[in-house]
Amino acid sequence: MGRKSTKENKNIYQISREELGLTREAASDLLITVSPDRIEKIENEKSLPHPDEILTMAECYKNPSLCNYYCSHECPIGKEHIPEIKLKDLSQITLEMLASLNSLNEEKNRLIEITVDGKITKDEMEDFERIQEQLSQISMAVNSLQLWVQQAIADGNFQK
């Protein structure tokens, strides 16, 4: 039987494992290809996890947000291009998405004017950047919704 951790600054991987009440040994049995020593190194940040280990942890720990965390915080490419997505309530995600869509709906004619000639001029750039930010907000809302669905499936709240 493993010892209970008293470490204060636990990383997301250790928190996810402990939320299921798993020791490193029990987690290793679930993860199959990840030894207890390897789990310890990842949790103590002595070694970065590999993508395949994250995929396995996300599934076995029933925490799909581990994948986004890894990509947005540890993957060299992802740190540059992937925003962190926080798990939110479905109602909050829906309201954020609708607000973004309504805002963009008001700008759609301006987007058409800007892009119809295939060029963005200096005087159009400010409007284009504002519209691009609204599109980014919609993308984040969609990603949040996808994460919510993945978590609901992992929790057994509904079937695929």
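Coordinates for the structure precede this section.
These lines cover the structure that appears in this document, whether it is placed above or below. (Residues numbered from 1 in each chain as written. Predicted model: local features only at pLDDT ≥ 70, side-chain atom pairs only at ≥ 80, totals over all residues. Heavy atoms only, no water.)

## Looking at the pattern of salt bridges
The full count for this structure, using the stated rule, is eleven salt bridges. Among the salt bridges present, the one from Glu 43 reaches Arg 17, with a minimum N-O distance of 2.6 Å. Here Glu 43, found in helix H3 (residues 36–43), pairs with Arg 17, found in helix H1 (residues 12–19); they are 26 residues apart in sequence, far enough to count as distant. Among the ionic pairs, Arg 38 bridges to Glu 53, the shortest N-O distance being 2.8 Å. Of this pair, Arg 38 sits in helix H3 while Glu 53 sits in helix H4 (residues 51–60); the two residues are 15 residues apart in sequence, bridging distant segments of the chain. Linked through salt bridges whose partners overlap, the residues forming this network are Lys 10, Arg 17, Glu 18, Arg 24 and Glu 43. (Salt bridge = Lys/Arg side-chain N within 4 Å of Asp/Glu carboxyl O. Helix = DSSP H or I, 4+ residues; strand = E, 2+ residues; numbered from the N terminus.)

## Side note on the packing of aromatic side chains
Counted under the stated rule, the structure contains one aromatic pair. Taking the centre distance of 6.0 Å and the plane angle of 80 degrees together, the rings of Tyr 13 and Tyr 69 count as edge-to-face. Pair noted here: Tyr 13 is in helix H1 and Tyr 69 is in helix H5 (residues 65–73), with a separation of 56 residues, a long-range link. The exposure class of Tyr 69 is partly exposed, given its relative accessible area of 22%. (Phe/Tyr/Trp six-rings, centres within 6.5 Å; stacked < 30°, edge-to-face > 60°. Buried < 20%, exposed > 50% of the residue type's maximum accessible area, 1.4 Å probe, protein only.)

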